[in-house]
Amino acid sequence: MKTEYRLARRVAQLEPSATAAMNARVQQMRAEGIGVISFSVGEPDFNTPTPIKDAAIDAIHQNHTHYTPTGGIAELRKAVAARVSRDQGVSYGVGQVTVTAGAKEGLYLAFQALCDEGDEVVVPAPYWVSYVEQARLAGATAITPETSEASGFKLTPEQLRAVISPRTRVIVLNSPSNPTGAVYSADELQALAAVVRESDAIVIADEIYDAISYVDYARWLRVAPDLADRTLIVNGAAKAYAMTGWRVGYVAGPQPIITAIKDIQSHTSTHTASIAQYAALAAYSPSDAIEQSVREMAAAFRRRRDLIIELLTEIPGVRCTIPDGAFYVFPNVTGLLGRPLKNGQVCATSEELNTYLLDQAHIACVSGEAFGAPGYLRLSYATSDEEIVEGMRRFRDSLS
Ligand SMILES: Cc1ncc(COP(=O)(O)O)c(C=O)c1O
């Protein structure tokens, strides 16, 4: 007899990650011998730079394999505080940062520390799906104003003003954005800051893709330093240093909030792996070699962006805004919906088109539905030029 388990209500509401589901499907198809090209993974295809790996190996040999203080070793928190101070132009002390198991854990803990039942969290759509699920796990309601292609998928001050209320606890700003690659200019952030000042909400600025911006990158607190006491900066080593598997991120902000986050950490993960912390210490310490690797990776992403945009826009029925950062393109595919494709099949939604592309073209993307934006696909171009060229050929050939 199959046992029925009663799960907590908050879990019953949880949507499992669409990107993880797609990755599992790709693995399964590959195991069956099908040569799938994946544009669904949100991680650099480069290896972690050698000096960072060496620092981790040294840490093992030096037996840095014991528990560390909650929120990370002091040297790393010092290096993070120095980096955030330099980036933002606002002074951060060691007590104002905590190191987490990826930016994702940092965000989760931030919502847990800030939100109560009935609170609202503003998450502009298209959004990285974990914001919405994490806000819900903290008892809050996600309010998701829809940005448009016309505004470059950026939240306008009018849109922000329209959704802010006394219940607004947090406003999430993610620039460069996953999934759209949108990067806010200083003027655009300035205009949003004026609206934030009318409320008492906390801003979570997720800058995880900051090293991958193809335009002048404007940081939230450079533009609005007076809002430092109402801002959490979230960042991590994953994307800039090709360190996704190491699980190192951080949150920087007002000490009482950071202390609350650390208190939760002290009862949950305690800290991310000691060895990963030493690797991150190398990443965050001044090094010409590492900075050079970061620049080279960003340059490769830029080249691949240009390549994929060129090939995508040649596909009839596909329209694409040019992303200014991260490593995603977010084409509008409504021109391919509701009409017969090559094998006579008609796709009514971008989700159906996504399945069609996987089955017919053996390319894996993620449908816009997963990001609160039906009618779009997200493609990660953190993959080789050859795969981009072949993948776009398959995309095109599968349609007519
Ligand atoms: C916008 C955004 N924030 C945070 C994260 C989490 O990154 P990490 O691997 O550091 O947990 C991701 C990862 O895909 C992301 O796209």
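Since this is a predicted model, take the numbers as computed values, not measurements.

Quick notes on the rules
- Residues numbered from 1 in each chain as written.
- Predicted model: local features only at pLDDT ≥ 70, side-chain atom pairs only at ≥ 80, totals over all residues.
- Helix = DSSP H or I, 4+ residues; strand = E, 2+ residues; numbered from the N terminus.
- Rg over C-alpha atoms; globule rule 2.2 N^0.38 Å.
- Buried ≥ 20, exposed ≤ 12 C-beta atoms within 10 Å, placed from the backbone.
- Contact = placed C-beta atoms within 7 Å.
- Near = placed C-beta within 6 Å.
- Nonpolar A, V, L, I, M, F, W, Y, C, P; charged D, E, K, R; others polar.
- Domains from an automatic or database assignment.
- Core = buried A, V, L, I, M, F, W, Y, C linked by C-beta atoms within 7 Å.
- Pairing = 2+ DSSP bridges.
- Axes fitted to C-alpha atoms, helices over the stretch in contact; angles between N-to-C directions.
- Arc of directions from axis to C-beta.
- Parallel < 35°, antiparallel > 145°, perpendicular 65-115°, else oblique.
- Right-handed = clockwise from strand over helix to strand, strands pointing away.

**Notes on the overall build of the chain**
Logical step 1: Counting secondary structure elements, the chain contains 14 helices and 12 strands.
Logical step 2: Relative to the globule expectation of 21 Å for 400 residues, the C-alpha radius of gyration of the chain, 21 Å, shows essentially globular dimensions.
Logical step 3: Across the 400 residues that make up the chain, the buried fraction comes to 48%.
Logical step 4: The long-range share in the chain, meaning contacts at least 24 apart out of those at least 6 apart in sequence, stands at 72%.

**Some remarks on the site of the ligand**
Logical step 1: In the vicinity of the ligand there are 13 residues, among which Gly102, Ala103, Lys104, Asn178 and Gly236 approach most closely.
Logical step 2: No other element matches the 3 residues that helix 5 (residues 102-114) contributes to the shell around the ligand.
Logical step 3: Its residues assigned to classes, the shell around the ligand comprises 4 nonpolar, 7 polar and 2 charged.

**Focus on the domain arrangement of the chain**
Logical step 1: Domain assignment breaks the chain into domain 1 (9-47 + 290-397) and domain 2 (66-287).
Logical step 2: Using only C-alpha atoms to locate each centre, domain 1 and domain 2 end up separated by 26 Å.
Logical step 3: Each side of the interface is counted separately: domain 1 has 35 residues, and domain 2 has 31 residues.
Logical step 4: Elements that contribute at least two residues to the side of domain 1 that touches domain 2 include exactly helix 12 (288-313) and strand 9 (328-329).
Logical step 5: Tallying contributions element by element places helix 12 first for the side of domain 1 that touches domain 2, with 7 residues.

**Concerning the nonpolar core**
Logical step 1: Grouped together as the largest cluster of nonpolar side chains are 127 residues, with contacts concentrated most on Ala110 and Ala279.
Logical step 2: When we break this core down by domain, the ones giving at least three residues each are domain 1 (9-47 + 290-397) and domain 2 (66-287).
Logical step 3: For Ala110, the contacting residues outside a window of four places in its chain are Ile204, Leu232, Val234, Val251 and Ile261.

**Describing the pairing of strand 12 (residues 377-380)**
Logical step 1: With burial as the criterion, each face of strand 12 is covered, one bearing Leu377 and Leu379 and the other bearing Arg378 and Ser380.
Logical step 2: Examined bridge by bridge, strand 9 and strand 12 share 2 bridges and lie antiparallel to one another. Paired with Val329 across the bridge in strand 12 is Leu379.
Logical step 3: Pairing analysis gives 2 bridges linking strand 11 (residues 366-367) to strand 12, with the strands arranged antiparallel. The residue bridging Val366 from the neighbouring strand is Arg378, located in strand 12.

**Remarks on the sheet that holds strand 2 (residues 97-100)**
Logical step 1: The mixed open sheet is built from 7 strands, whose spatial order is 2-8-7-6-5-3-4. Of all strands in the sheet, those bounded by a partner on one side alone are strand 2 and strand 4 (141-143). Each neighbouring strand pair of the sheet contributes to a mean axis angle of 20°, computed without reference to strand direction.
Logical step 2: Relative to strand 2, helix 10 (residues 255-267) is tilted by about 30°, and along the sheet it contacts strand 2, strand 7 (231-236) and strand 8 (249-252).

**Details of helix 8 (residues 186-196)**
Logical step 1: Three or more residues of helix 8 are buried, namely Glu188, Leu189, Leu192, Ala193, Val195 and Val196. For helix 8, the angular spread of buried residues about the axis comes to 155°, placing them on one side.
Logical step 2: Looking at the buried positions of helix 8, the neighbouring elements they touch are helix 7 (157-163), strand 5 (168-174), strand 6 (202-206) and helix 9 (220-223).

**Some details on the packing of helix 5 against helix 10**
To characterise two packed helices, one gives the angle between the axes of the helices and the distance between these axes.
Logical step 1: For the pair helix 5 and helix 10, the least separation of the axes is 9 Å and the interaxial angle reads 110°. One finds that helix 5 runs roughly perpendicular with respect to helix 10. For the pair formed by helix 5 and helix 10, the contact residues are Leu109, Ala110, Gln112 and Ala113 on the first element and Ile257, Ala260, Ile261, Ile264 and Gln265 on the second.
Logical step 2: Taken together, the residues of the contact of helix 5 with helix 10 sort by class into 7 nonpolar, 2 polar and no charged.

**Re the pairing of strand 5**
Logical step 1: By the criterion of burial, strand 5 is predominantly enclosed, with 7 of the 7 residues buried.
Logical step 2: In the sheet, strand 3 (residues 120-122) pairs with strand 5 via 3 bridges, with the strands oriented parallel. Across the sheet, the residue bridging to Val122 is Ile171, located in strand 5.
Logical step 3: What joins strand 5 to strand 6 is helix 8, and the crossover it makes is right-handed.

**Observations regarding the sheet that holds strand 11**
Through backbone hydrogen bonds, the strands of a sheet pair up, either in parallel or in antiparallel fashion.
Logical step 1: Taken in spatial order, the 3 strands of this open sheet run 9-12-11, and their pairing is antiparallel. Of all the strands in the sheet, just strand 9 and strand 11 have a single pairing partner and so form its edges.

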